[in-house]
Structure formats: structure tokens, C-alpha cells
Amino acid sequence: MSTSQTHVIVGASLAGAKAAETLRDEGFDGRIVLVGSETERPYERPPLSKDYLRGESGRDKVYVHPEDFYAERDIELRLGATAVSLDTGAREVELDDGTRLGYDRLLLTTGSEPRRLPIPGAELDGVLYLRSVDDSDALRARLDAGGSVVVVGAGWIGCEVAASARQRGLEVTVLDPLGVPLERVLGPELGSVYRDVHTDHGVRMLMDTGVEAFEGEGRVERVRTAGGDLLDCDFVVVGVGIAPRTGLAEEAGIAVRDGVVVDAHLRTDAEGVFAAGDVASAHHPFYGEAIRVEHWANALNQGPAAARNMLGQAAPYERLPYFFSDQYDVGMEYSGFARSWDRVVFRGDPASREFIAFWIADDRVVAGMNVNVWDVTDPIQSLIRARVPVDDRRLSDPDVPLEELVLADQLAG
Ligand SMILES: Cc1cc2nc3c(=O)[nH]c(=O)nc-3n(C[C@H](O)[C@H](O)[C@H](O)COP(=O)(O)OP(=O)(O)OC[C@H]3O[C@@H](n4cnc5c(N)ncnc54)[C@H](O)[C@@H]3O)c2cc1C
């Protein structure tokens, strides 16, 4: 393999770090430059709302690789450096210190950033967001001080922060304009399971409730809801979704549509430029459409897939979306992708918090979520991939092994 080539990765993230690792593993012996705005070497974000936030684990546990990994693999790690412009014609990236890096292949793993709430009081001290390890440290310091927190947004980040804050003994109120937490992804049936989990742990869940303003003298002291109620608090955490960091690509004229548009090989429409992770809106061969996945497993696996494609191996990215969440003693894994569905079928009693839920569209399983039930991801994904009509009665019967169900229904089909 050519030793004279340079591959640049913008975004020293999970996807970026795994891509750099894969380039070397696959025998690329040219120059690899991994550029990151943050001053920390690449780390994983899931612990930042869970054990790390609660102070149960340290920084050493969050890194993707040991400190000497990059030097040992001859990967140039340029931290605290932001790529500010990209010239796809000249094949050059410019960094904020004026450095120009020529590339043969470029990978964008710029991830995403929290959406900000543009309401009065948004700038007050104590209105916090959570994305980086520094954000998590700042939030942890607030948890250490105790008191009461209002969490705005009952998505994954909001729910996990609420759980961690409760576990640390704070008074927690969660607000969301939708009827149940996590409704956008899970729908009302599963959202109500999570509402009950939080309520049982003493969280005040104010659903169907928007927020109008944060109020206080210099620091946030209360939240004004859309209904005019005032909620006193010591601080606020806002988790109202994330937006892909597409600016660099967009300004370079690369196609962007809810993320950097890439084909199944993670190639953008600019020669030699690829994208992976949260920022990529990738054509998915199984779904026949572009999807953007904002989850850990996607960053973990798409980075290496992009690296292989950068080396000319035609490796389409075909993994089914998968994510996990831990709240209190409720752990879950979700596989698949469902924009709409006809019904949800349960295997096990959701009230027991040990069950599997299946989302069904056209009598086929389009997504599955196991809650406190483990080692079932493979059969759930096989069921989704098989696209066979399923019988609700057998699907809900714990005595029918899922593997058997896939096979039997395939034979029947
Ligand atoms: C608190 C928290 C908890 C989470 N928990 C879970 C979970 O339980 N399960 C799950 O599946 N997923 C979870 N996620 C989501 C998961 O962490 C993300 O999907 C994953 O981090 C995406 O990785 P990425 O490599 O695409 O980019 P990111 O992690 O977003 O990193 C992108 C990096 O690129 C850098 N960058 C951006 N632009 C530039 C530039 N121009 N120049 C240089 N550097 C740049 C950024 O500074 C950043 O460091 C969680 C996320 C957070 C924040």
C-alpha cells in the first residue's frame, strides 16, 4: 500500500478514532492525521450521563484508546485544533491555526451538538447542556452540591440525567411537551413504561408541558412553564435533541440533508471525502433510504467501515441501527428503525420491567427492544431482517424461542 498518501480524519471522536485504528489494522502505512477541537483524546460519551456523571467511574474509563496508542500506531493526533475550511478541489483542509493539510482521503466524523433553547433566560448561569466530558464534570459538580433540578426534555439524555440525579438524591422534575417520555422514538406504550419507572423513583414528570423562560438574578432560580407555572430549582439541564455538525461540509459544497449525505459506502458527493457517525446521513441498503443514527454503536462500527472504503475495499455499511440505555436498574437495548408502526406486541409483562417489545408494521417486526432481558439482540435482528409475517400469539409467547420463530415463519412463508 502506498506510503506517500495522507488520510485526514476531522473529528477526534469514537468514529474518528476507530477509523484511524482500522486504517492501520488494514495495512495503510501512509500518514494519518486525526484532528479534534476538544483537548481530550477520543472518548466515549455514554458514561457521561450514567456512571461517570454519578462519580462512580473516572476519566480513565471513558477513553477509546490508551494514551500511547496513537503515537505507537503513528497516528498524528492534533487536539485542540478545529478544521475551519475545506477545499475539495485542492484536497486541502485548513485548521484554525492556519495549518493546511493536504489529503488523499478525508473522513468527516464531526458528530453532533446539543440544540439550544432560544428562550428568555437561556444565558443564565446554571442552565446546563450535556455533550462533552467537561459538560459532565460541570453537571457532576452540581449534583454534588445537591438541591433540585429541572430537566427540560424527556429524551434519552434528559431521562438518563434525571435518573442519575435522582440516584444522587436530588429533587428532580422533568418537563416535556409530549405526553410521555421518549415518545418520539418509542411511542406511547413504551413511553408510559419509562414514565412509570421515573415516577416510581420519585421524579416529578410534568408531561404535555412546554417551557417558556428561565428566570433568576444572574443564575437560574426557576422555570416558567408554557402554562405559566413557576418551578423553583437550583439548576436546569436542557436535553432537547442534537443537530449534526455539518457546517464544514456545507461550506465546502458537499451535499447535506439532515446530515452529510453519503452512499452505502459512506462516500460523500466530493471525490475522496467520506463521513461516518452522528454526522452522516447514510443510504442504508436494508431500508432503501438514507438514515442518520445518533448512537454509540453506529459511531463504533461506521468509523471502521468508512476506513475500509477509504482504502478501496467496497464495504457497504449494512448494520441495523442499535442502541442502549440504562436508567436506575432498567437496562435496555433497541434494534431496528421504525418511523411508524401498527401495533406493539409484548413478550413478558411491561409492569415487571423484564420484557421484550416488538414494533409491528404490516405484520412484520420492524424494531425490537429488550428490557432487562439479555442476549437476544441477534434473534431480534434476524427477525427484523427476515421481514416475515409474524403471529402475535407466538411472538408474545416466551416459550417459543425467537430463533425458532424466525425459521418457522420463514418456512411458512
Ligand atoms: C451524555 C451522552 C450519553 C449518551 N449515551 C448513549 C447511550 O447510552 N447509548 C447510545 O447508543 N448512544 C449514546 N450517546 C450517543 C453517542 O455517544 C454518540 O452517538 C457518539 O458519541 C457519536 O460519535 P461520533 O464519533 O459520531 O461524534 P461525536 O461523539 O459527536 O464527536 C465529534 C467530535 O468531533 C469534533 N469536531 C467537530 N467539528 C470539528 C472540526 N471542524 N474540527 C475538529 N474537530 C471537530 C467535536 O469536538 C467532537 O469531539 C450518548 C451521547 C451523550 C452526549
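This is a predicted model, so every value here is computed, not measured. (Residues numbered from 1 in each chain as written. Predicted model: local features only at pLDDT ≥ 70, side-chain atom pairs only at ≥ 80, totals over all residues. Heavy atoms only, no water.)

Student: Explain the pattern of salt bridges to me, using residue names and the numbers behind them.
Tutor: Oppositely charged side chains can form a pair if their charged atoms are brought close together. Taken as a whole and judged by the stated rule, the model has 30 salt bridges. The closest approach of N and O atoms between Asp 25 and Arg 73, which form a salt bridge, is 2.9 Å. Here Asp 25, found in helix α1 (residues 14-25), pairs with Arg 73, found in the loop between α2 (69-72) and β3 (75-79); they are 48 residues apart in sequence, far enough to count as distant. Of the charged contacts in the structure, one is a salt bridge between Arg 292 and Glu 294, with a shortest N-O distance of 2.8 Å. Among the residues examined, Arg 292 registers a relative accessible area of 16% and is labelled buried. Overall, the relative accessible area of 33% leaves Glu 294 in the partly exposed class. Salt bridges sharing partners connect three or more residues here, namely Glu 40, Arg 59, Asp 134 and Asp 137. (Salt bridge = Lys/Arg side-chain N within 4 Å of Asp/Glu carboxyl O. Helix = DSSP H or I, 4+ residues; strand = E, 2+ residues; numbered from the N terminus. Buried < 20%, exposed > 50% of the residue type's maximum accessible area, 1.4 Å probe, protein only.)

Student: Account for the sheet that holds strand β10 (residues 148-152), with residues named and values stated.
Tutor: Across a sheet, strands are paired by hydrogen bonds formed along the backbone, either parallel or antiparallel in direction. Strand order in this open sheet of five strands is β9-β16-β10-β11-β12, and the pairing throughout is parallel. Two strands bound the open sheet, and with one partner strand each, they are β9 (127-128) and β12 (204-207). As paired strands, β9 and strand β16 (residues 235-238) are joined by two bridges and run parallel to one another. Residue Val 127 lies in a different strand from β16, and its bridge partner there is Val 236. Against the sheet, helix α3 (residues 133-145) touches β9 and β16, its axis set at about 140° to β16. Those strands touched by helix α4 (residues 156-167) are β10, β11 (171-176) and β16, and its axis lies near 165° from that of β11. (Pairing = 2+ DSSP bridges. Contact = heavy atoms within 4.5 Å. Axes fitted to C-alpha atoms, helices over the stretch in contact; angles between N-to-C directions.)

Student: For the layout of surface pockets, give the residues involved together with the corresponding values.
Tutor: For the second largest pocket, the calculated volume is near 250 Å³. Counting residues per element, the ones that place at least two in the lining of the second largest pocket are β20 (280-284), α7 (296-310) and α8 (377-386). The element contributing the most residues to the lining of the second largest pocket is α7, with six residues. For the lining of the second largest pocket, the class distribution of residues is 10 nonpolar, six polar and two charged. (1 Å grid on protein atoms, 1.4 Å probe; cavity = no way out; pocket = protein on both sides within 12 Å on 5 of 7 lines; lining within 4 Å. Points joined across faces, edges and corners; volume = space filled by probe spheres on them. Nonpolar A, V, L, I, M, F, W, Y, C, P; charged D, E, K, R; others polar.)

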